[in-house]
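Here is what each chain is made of, one letter per residue.
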Amino acid sequence: MNTPRLLAAFASGLLFGAGLALSGMMDPARVLGFLDVAGAWDPSLAFVLAGAVGVSALGYAVKARMPRPALADRFEIPANRSVDARLLGGAVLFGIGWGLAGFCPGPALAGLTLGLPEVALFVAAMFAGMLLFRFTAPRSTGPITVSR
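Residues numbered from 1 in each chain as written. Predicted model: local features only at pLDDT ≥ 70, side-chain atom pairs only at ≥ 80, totals over all residues. Heavy atoms only, no water.

The protein carries the name UPF0394 membrane protein in an unreviewed UniProt entry, which gives Methylobacterium phyllosphaerae as its organism.

> Before we go on, may I ask you to explain the overall build of the protein in this structure?
Broken down by element type, the protein carries 6 helices and 2 strands. Listing each helix as α and each strand as β along the protein from the N terminus yields α-α-α-β-α-α-α-β. Expressed along its principal axes, the backbone C-alpha trace of the protein runs to roughly 50 × 40 × 30 Å. The proportion of buried residues among the 148 residues of the protein is 19%. Accessible area for the protein stands at about 10,800 Å²; split by element, carbon and sulfur atoms hold 71% of it. Averaging the coordinates of the 11 positive side-chain charges in the protein and doing the same for the 7 negative ones gives two points 17 Å apart. (Helix = DSSP H or I, 4+ residues; strand = E, 2+ residues; numbered from the N terminus. Buried < 20%, exposed > 50% of the residue type's maximum accessible area, 1.4 Å probe, protein only. Areas by Shrake-Rupley, 256 points an atom, 1.4 Å probe, with all protein chains shown as cover. Lys, Arg positive; Asp, Glu negative; His and termini not counted. Charge placed at Lys NZ, Arg CZ, Asp CG, Glu CD.)

> Could you clarify how one ought to interpret the nonpolar core in this entry?
If you look at soluble globular proteins, the nonpolar side chains tend to sit buried side by side. Of all hydrophobic cores here, the largest spans 9 residues; its members are Leu20, Met25, Met26, Val31, Phe34, Leu45, Trp98, Cys104 and Ala110. Setting aside anything within four residues of it in sequence, one finds leucine 45 in contact with Met25, Phe34 and Trp98. Listed in part, the 6 residues of the second largest apolar core include Phe103, Val119, Val123 and Met126. (Core = buried A, V, L, I, M, F, W, Y, C linked by side-chain atoms within 4.5 Å. Contact = heavy atoms within 4.5 Å.)

> How do you make sense of the side chain of serine 23 when you look at a structure like this?
With respect to the secondary-structure elements, serine 23 resides in helix 1 (residues 3-23). Of note is the side chain of serine 23, whose polar atom sits 2.9 Å from the backbone oxygen of glycine 19. If near-sequence neighbours (up to four positions away) are discounted, serine 23 is found in contact with Arg30 and Val48. (Polar contact = N/O pair within 3.5 Å; in protein donor to acceptor, adjacent residues only side chain to side chain.)

> Even after reading the chapter, I still don't get a nonpolar patch on the surface, so can you show me in this structure?
Together, Leu109, Leu112, Phe127 and Met130 make up an exposed nonpolar region whose accessible area comes to about 350 Å². Mapped onto the secondary structure, leucine 109 falls in helix 5 (residues 105-111). (Patch = residues over 30% accessible without salt bridge, like charges linked within 9 Å, V, L, I, M, F, W, Y side chains within 5 Å. Salt bridge = Lys/Arg side-chain N within 4 Å of Asp/Glu carboxyl O.)

> What is the right way to look at the UniProt feature "transmembrane region" (unreviewed entry) in the protein in this model?
Listed under "transmembrane region" (unreviewed entry) in the UniProt record, and renumbered for this structure, are residues 45-62, 83-103 and 109-133. Taken end to end, residues 45-62 is 100% helix and 0% strand, and its two terminal C-alpha atoms sit 26 Å from one another. (UniProt positions renumbered as here; feature names shortened; annotations may be inferred.)

> What should I look at first to understand helix 6 (residues 117-136) in this one?
Along an α-helix, residues three or four apart share an orientation, since each turn contains 3.6 residues. An ideal rise of 1.5 Å per residue puts 28 Å on 20 residues; helix 6 measures up with 28 Å between its terminal C-alpha atoms. On the buried face of helix 6, the contacting elements are helix 4 (85-101) and helix 5. (Expected span 1.5 Å × (residues − 1).)

Encoded structure:
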């Protein structure tokens, strides 16, 4: 990877992590409070999600006006837009894990900086799940294709 791309990736990750920390999304109690709609519901995650959707929409609007990315040869946008059993199953597993632990991958990785054992355990379990998928998924699925 060339230096400008590496710096852009580092800056993006740093900004993402800072946003997670500033919004309190690295705190599993806040996330679980959002998921507790029948109890002491905490709507703050809804505002964070709305902000993320707004930033994403802005990014897609800017992308539509660009012939190509500044630091790559082409945009890498997934071409597959189908909803299938694998997608639904993955979403269910993600939701169950999120609801049980109060972490999702981004905040968990950012939370590693806090040095908390429960965060490290979650990240280890997350990587174990990734490896399990990698070695048990049907080989016929192939790589995800992207449009140009």
